[in-house]
Structures are given as C-alpha cells and as structure tokens.
Amino acid sequence: MSSSSSLLSLSCFSLLLTLIFTNTNGARPDFIMTVVNNCPYPIWPAIQPNTGFPVLERGGFHLDKLSHRSFPGPAQHWAGRVWARTGCTASAPGHLSCATGDCGGRLECAGAGGAAPASLAEFSLHHGHKDQSSYTVSLVDGFNIPMTITPHEGQGNCPVVGCRADLLATCPQTLQLRSPAGHGPVVACKSGCEAFRTDELCCRNQYNSPQTCKPSTYSEYFKKACPATVTYGHDSPSLTHECSSPRELKVIFCH
C-alpha cells in the first residue's frame, strides 16, 4: 500500500473515531448525572423534562437514606427539572402516595410534574457552541427539602448553588403544609403564590413582567435563608449559572 493510501486510511479511521466518540453539538460523551440522598430518611427523586425532551430514568425512583444513583446524562440538548418526593407510601406495585412532590400517585412519574410545594433543581443542558449547562435551584414553588447542585470538572462559571437550610422549622404559619392536614408535622413550606393564589404573588397576568413582578415578604423569607436560589417568577437572571462541559452534575439532597 502506498504512503498516500495509508494516510487516507488513517484519516478515515480518525474521522470514524471522532464520529463515534463526539456527538454533533460537542457535548461530552461521558457526561453523567448523579442524585445523592444525604438525608437520614428515604426520598423518591423525580425528573420531569420540558416539553419535547425525553424522560430520564423513567421519571422517578426510590433512593434510600445515605445513598446515591448515577446514570448517563443526555447527550444532546435537554431541559427539565429534578425534585424529591417525601413521606411516600406504596399502595400497590408502581403506585406511590407522597406527602410532598407527588406526581399523580406514581413511582415513575413518566414526564408528569410534581405537586407544589417542592424545591426544584432546574437544568438546560448542552446548549450553545461551548456545550453550556445552565442550572439553578428554584424555591418559586416553595420548599420541601434542602438541595444543592454541584458541577464537577466544568469550565467557566460553575458554582455550587442551592439551599442547605432546613426551612421546615422556621416556615411562617401561613405558609406551612402539614401532613396529615391540619394537625400533622410541617412537611413543606408553601410559596406566597401557593398559599394565597393572587396574581401579584404568582407573577401572572398584568404582573408577569420584570417591571411588575416584584419580590414579596414571602419570597424574601426564602431569599434570606437561601440567597443562592430563585424565589419569585422574575428573580435575577444572574442566579442561573452556565458551566461549560461539566463531567458530572450532582443534585444533592440534605447537603
């Protein structure tokens, strides 16, 4: 074989390897996501994709105390949210009733959302020419469990964000969710929107703009305890961080 033919074959082989190990938008092929339960009790993490994106890990699973679950992250652009369900009991195989974050009584949420109030990790993965992963922890829908997002081996703006405080002990009475209702322990802390359902507190209709959607005494309660979280509909965009090509994203409960 001539040297030119050898070089051509080598080039073709290198191109093949590139196509195998690199996807079209430059995302890391070894990208993984990990959900960690550092709580002294079991939780049932749930994952909901935004419209048009695939469901990851069937949308939900059980995670015993002091354990974790890692799985391959999406290789292409993906957006969605992760939260924890707490106080769950199984009524039948595949059926689950939860005090917080319930997704229609199912173990595997399969794309369904969770009941508020719940702490949310929100993601937009693999976007932009630098393979950006955007993430934030939101208390816009209230709080049910401490949570943080920790990126590993990314470049650029990659801080650990979230809420490590347990707000159940200090939740104002008007925002408390108790289970059983009325006389049980506090299991979650509602947002002002969830508690009072007004357009102003929910930042909807005429209040759905950066100019009219303002922080309230209720959102400020969450902000004071957990400043690295989004606490109302048009909170600061700077709280959404963009990390380039992280090797791993960890959602840690009870960090």
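Please read these numbers as outputs of a predicted model, since none were measured by experiment. (Residues numbered from 1 in each chain as written. Predicted model: local features only at pLDDT ≥ 70, side-chain atom pairs only at ≥ 80, totals over all residues. Heavy atoms only, no water.)

*Asks:* For this particular structure, what's the right way to read the overall build of the protein chain?
*Replies:* Counting secondary structure elements, the protein chain contains 4 helices and 14 strands. Long-range contacts, defined here as pairs at least 24 residues apart, represent 64% of the contacts in the protein chain between residues at least 6 apart. Total accessible area on the protein chain is roughly 12,600 Å²; 56% of this is exposed by carbon and sulfur atoms. (Helix = DSSP H or I, 4+ residues; strand = E, 2+ residues; numbered from the N terminus. Contact = heavy atoms within 4.5 Å. Areas by Shrake-Rupley, 256 points an atom, 1.4 Å probe, with all protein chains shown as cover.)

*Asks:* For this particular structure, what's the right way to read helix H4 (residues 217–225)?
*Replies:* Note on helix geometry: an α-helix contains 3.6 residues per turn, so any two residues three or four positions apart are oriented the same way. Of all the positions in H4, only Ser-219, Tyr-221, Phe-222 and Lys-223 are classed as buried. The inward-facing, buried residues of H4 abut strand E12 (186–189). (Buried < 20%, exposed > 50% of the residue type's maximum accessible area, 1.4 Å probe, protein only.)

*Asks:* Please clarify how the pattern of salt bridges should be interpreted in this entry.
*Replies:* In a structure, side chains of opposite charge can pair up when their charged atoms sit close to one another. On inspection of all chains with the given rule, the structure shows 7 salt bridges. Taking the shortest distance from any N to any O, the salt bridge between Arg-247 and Asp-30 comes out at 3.4 Å. One end of the pair, Arg-247, is in the loop between strand E13 (241–244) and strand E14 (248–253); the other, Asp-30, is in the loop between helix H1 (3–21) and strand E1 (32–37), and 217 residues separate them in sequence. Residue classification places Asp-30 among the partly exposed residues on the basis of a relative accessible area of 33%. Arg-81 is the salt-bridge partner of Asp-141, the closest N and O atoms lying 4.0 Å from each other. With a gap of 60 residues between them, Asp-141 in the loop between strand E7 (132–138) and strand E8 (147–152) and Arg-81 in strand E4 (residues 78–92) connect regions that are remote in the sequence. Residue Arg-81 is classed as partly exposed on the basis of its relative accessible area, which comes to 25%. Residues joined in a network through salt bridges with shared partners are Arg-81, Glu-122 and Asp-141. (Salt bridge = Lys/Arg side-chain N within 4 Å of Asp/Glu carboxyl O.)

*Asks:* Honestly, unusual backbone geometry in this entry has me stumped. Any pointers?
*Replies:* Omega for the peptide link from Ala-116 to Pro-117 comes to 5 degrees, which places this bond in the cis form. In this structure, the amide linkage connecting Ser-179 to the following residue, Pro-180, adopts the cis form with an omega of -5 degrees. By secondary structure assignment, the location of Pro-180 is in the loop between strand E11 (176–178) and E12. Within the chain, Glu-57 stands out as a residue other than glycine whose phi angle is a positive 50 degrees. With respect to the helices, strands and loops of the structure, Glu-57 is situated in the loop between strand E2 (44–49) and strand E3 (67–72).

*Asks:* So what exactly am I meant to see when it comes to the side chain of Gln-132 here?
*Replies:* Relative to the helices and strands, Gln-132 resides in strand E7. Aside from chain neighbours lying at most four places away, what touches Gln-132 is Ser-124, Leu-125, His-126, His-127, Glu-242, Cys-243 and Ser-244.

*Asks:* I would appreciate a short explanation of the pairing of E4 in the present structure.
*Replies:* A regular strand carries its side chains on alternate faces of the sheet. Relative to E4, E2 is paired through 6 bridges, and the arrangement is antiparallel. Of the residues in E4, the one forming a bridge with Ala-46 is Trp-83. Here 5 bridges tie E4 to strand E6 (residues 120–127), and the two strands are oriented antiparallel to one another. Looking across to E6, one finds that Trp-78 is bridged to Leu-125. Relative to strand E5 (residues 95–100), E4 runs antiparallel, the two being bridged by 5 bridges. Paired with Thr-89 across the bridge in E5 is Ser-97. Adjacent in sequence and paired antiparallel, E4 and E5 are bridged by 2 residues, among which Gly-94 carries a positive phi angle near 85 degrees. (Pairing = 2+ DSSP bridges.)

*Asks:* What's the story with the nonpolar core in this structure? I'm lost.
*Replies:* Note on soluble globular proteins: their nonpolar side chains tend to be buried together. If you look at the biggest cluster of nonpolar residues, it comprises 27 residues, and the most contacted ones within it are Phe-123, Ile-149 and Phe-253. Residue assignment for this core shows that the elements contributing at least two residues are E1, E4, E6, E7, E8 and E14. Contacts of Ile-149, omitting those with residues within four sequence positions, involve Ala-121, Phe-123, Tyr-135, Thr-136, Val-137, Pro-159, Val-160, Val-161, Leu-249 and Lys-250. Listed in part, the 10 residues of the second largest apolar core include Cys-163, Cys-171, Leu-175 and Cys-226. (Core = buried A, V, L, I, M, F, W, Y, C linked by side-chain atoms within 4.5 Å.)

*Asks:* I tried to follow the environment of Lys-190 on my own but got confused; where do I start?
*Replies:* Take Lys-190: it is sitting in the loop between E12 and helix H2 (192–196). Spatially, the C-alpha atoms of Lys-190 and Pro-172 are 9.2 Å apart, while their sequence positions differ by 18 residues. Dropping the residues within four chain positions of it, Lys-190 is found in contact with Pro-117, Gly-142, Leu-175, Gln-176, Leu-177, Ala-195 and Phe-222.

No statement about biological role is implied by the geometric values presented.
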